[in-house]
Structures are given as C-alpha cells and as structure tokens.
Amino acid sequence: PESQIKRRVRCFDLAGSVPTENNPDPDYTVGLLMCKTTDDRYIIEDVIRFRKRAGEVENAVIDIVAQDRKMYGSNYQAYLPQDPAAAGQTARVYYSKMFASRGVPIRFVKVGSQNSKLKRFEPFAASAENGLVQVLKADWNQEFFYELEVFDGTRKTRHDDQVDTTSDCFN
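Quick look at the structure, then. Note that the structure is predicted; figures quoted are calculated from it, not measured. The numbering scheme is per chain: residues are counted from 1 as the chain's sequence reads. Only residues with pLDDT of at least 70 get local features here, since the model is predicted, and only at 80 or more are side-chain atom pairs given and counted; chain-wide, interface and lining totals rely on the full set of residues. Side-chain measures were taken over the full set of non-hydrogen atoms in the model, leaving aside hydrogen atoms and water.

Concerning the nonpolar core
Selection rule: Joining through side-chain atoms within 4.5 Å is the link that ties buried Ala, Val, Leu, Ile, Met, Phe, Trp, Tyr and Cys residues into a set, and such a set is a nonpolar core. The rule is simple: take the accessible area with a 1.4 Å probe, protein chains only, and divide by the maximum for that residue type; under 20% is buried, over 50% is exposed, in between is partly exposed. Each helix is a run of DSSP H or I of at least 4 residues and each strand a run of E of at least 2, with the numbering of both proceeding from the N terminus. Contacts: residue pairs with any heavy atoms within 4.5 Å of one another.
Core analysis: the biggest nonpolar cluster contains 20 residues, and Leu32, Met34, Ile44, Val47, Phe124 and Phe144 have the highest contact counts within it. When residues of this core are traced back to their parent elements, those giving at least two are β1 (5–13), β2 (29–37), β3 (42–50), α3 (116–129), α4 (141–150) and α5 (161–170). Ignoring sequence-local partners within four residues, the contact set of Ile44 consists of Leu32, Leu33, Met34, Phe124, Val133, Gln134, Val135, Leu136, Trp140 and Phe144.

Quick notes on the packing of helix α1 (residues 54–72) against helix α2 (residues 85–101)
Note the threshold: As a rule, the C-alpha atoms of each element are fitted with a line to give its axis, helices using only the stretch in contact, and angles between N-to-C directions run from 0 to 180 degrees. Angles are sorted into four bins: roughly parallel if under 35 degrees, roughly antiparallel if over 145, roughly perpendicular if 65 to 115, and oblique for all others. For any helix crossing, the convention is left-handed if the near helix is rotated counterclockwise from the far helix by under a right angle, and right-handed if that rotation is clockwise.
Packing of α1 against α2 leaves a shortest axis separation of 11 Å and a crossing angle of 55°. The orientation of α1 with respect to α2, classified from their angle, is oblique. The handedness of the crossing between α1 and α2 comes out as right-handed. Note on element contacts: α2 touches α1 through Tyr94, Tyr95, Met98 and Phe99, opposite Glu58, Val61, Ile62 and Val65.

Considering the pattern of salt bridges
Basically, it comes down to this: Here a salt bridge means any side-chain nitrogen of Lys or Arg lying within 4 Å of a carboxyl oxygen belonging to Asp or Glu.
Taken as a whole, this structure holds 13 salt bridges when the rule is applied. The closest approach of N and O atoms between Asp25 and Arg51, which form a salt bridge, is 2.4 Å. Taken together, the residues Asp25 in the loop between β1 and β2 and Arg51 in the loop between β3 and α1 connect sequence positions 26 residues apart. Asp25 sits in the partly exposed class, given a relative accessible area of 27%. Residue Arg120 pairs with Asp168 through a salt bridge whose shortest N-O separation is 2.7 Å. Residue Arg120 is located in helix α3, and its partner Asp168 is located in helix α5; the two are separated by 48 residues in the primary sequence. Counted as one network, the salt bridges with shared partners bring together Glu2, Arg8 and Glu45.

Here we look at the packing of aromatic side chains
Defined as follows: Two rings from Phe, Tyr or Trp (for Trp, the six-membered ring) form a pair when their centres sit within 6.5 Å of each other. Planes less than 30 degrees apart are called stacked, planes more than 60 degrees apart edge-to-face, and all others tilted. Counted as over-ring charges are cases with an Arg CZ or a Lys NZ within 6 Å of the ring centre that also lie within 35 degrees of the ring normal.
Counted according to the given criterion, the structure contains eight aromatic pairs. Put simply, the rings of Tyr42, Phe121, Phe124, Phe151 and Phe170 pair up and form one aromatic cluster. The side chain of Arg51 reaches across the aromatic face of Tyr28, ending 3.9 Å from its centre. Above the ring of Phe50, the side-chain terminus of Lys52 is found at 5.1 Å from the ring centroid.

Points about α1
An α-helical turn contains 3.6 residues, so any two residues separated by three or four positions project in the same direction. Formally: The span one expects for a helix is its residue count, reduced by one, times 1.5 Å.
The end-to-end C-alpha separation of α1 is 27 Å, in line with the 27 Å expected for 19 residues at 1.5 Å each. Burial in α1 covers these residues: Val57, Glu58, Ala60, Val61, Ile62, Ile64, Val65 and Asp68.

Focus on the sheet that holds strand β4 (residues 76–82)
Which entries qualify depends on this criterion: Here the rule is simple: two strands pair whenever DSSP picks up at least two bridges between them.
Ordered by their spatial adjacency, six strands build an open sheet running β5-β4-β1-β2-β3-β6, and the pairing between neighbours is mixed. Two strands lie at the open edges of the sheet, namely β5 (107–110) and β6 (133–135), each paired on one side alone. Across the sheet, the axes of successive neighbouring strands diverge by a mean angle of 30°, strand direction being ignored. Where β2 meets β3, eight bridges bridge the pair, whose relative direction is antiparallel. Bridge pairing in β3 links Cys35 to Ile43. Where α2 meets the sheet, its contacts fall on β4 and β5, and the angle it forms with β4 comes to roughly 145°. Each of β1, β2, β3 and β5 touches α5; the most contacted strand, β2, lies at about 30° to it.

Some points on the pairing of β2
The buried count for β2 comes to eight of nine residues, which makes it a mostly enclosed element. Bridge analysis of β1 against β2 gives eight bridges, and the strand direction is antiparallel. Among the inter-strand pairings, Cys11 is bridged to a residue of β2, identified as Leu32. What sits between β2 and β3 in their antiparallel hairpin is a turn of four residues, with Asp40 showing a positive phi close to 60°.

So this is what it looks like as structure tokens:
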C-alpha cells in the first residue's frame, strides 16, 4: 500500500541511437522506478526501455517523468545521469532548461568511470542477496534479470543500461 512507501525514485540511463546496419545492437534508454518502504525494503516497480534518436529520447523522458509525477505526487523524484567534466555540466544545463520549460522537475546524479560501475552496483546486489529487494512481476522481468545476472563490471557485458539505473535508484 502507498502508506508504506517512504520514497519513490525513477532514474534514467540515456542513449540516443536506433539499430542500424553498422550498429545493430545500440544501447537503450532505460527508466527504472524503485521505491523504498517504511521497513527499509526496496521494490522495483517498473522498467521502461527503448531505443530512439536523441530528440525523441528527450521528449519521451520528460513525458515519463510528467506522468509519474501525476501518479505519485510529491513523494517522487526523477534523476538523470551527469557525466564528469565539462560535457556533463553542459548536458545538465541543457536538460535543466528543457525540463523547466515544460514545468517538470528533474535532478541529477553524478556518474563515474567504467571502473566504478561495479562499486556502484555492489550495495544493491548485497541488499538483493539478503532479501531486501522485490521486483514486481511484469513483461520486462526476463530482460532485466538477464542483464543483472550477466553483469560482471567489465566491458565484456554488451548492455549495462539497466544495471546503471538500478544502481542509481538504489543509491
């Protein structure tokens, strides 16, 4: 029940490509919705995953956040990743202006280098192993579980978009 939800967060991992002949399996844009309950358990409620071009991604993400805010109200916050260095600052300003112009609040979470992905994921993995995480049954479960299970923190893993959003939501 909603009365047992302390906080609800949706984090995004952004991509801006569609499959092509030269790149048949590009990254996905992922929006993962997680809540923390009053007894300090975590529930993964929704995963939205798609491939679109950059402009389409921006509009889709704003629409998702606006819909979530209508549904969940003030107990909800959305986050976009902010890459390090100047490019991340530029992107933050751009997205801040875009979201503000539509009246949709957004926050940012700083993300590090490839080597930090495993460290970022470890707190979630430990909590899941200890039975503190539940996942709502849905059509996205199989792909979600597969990606998390094969993730080993190296670049060998083809996709880690859902891993990144899971880490960011949990942390």
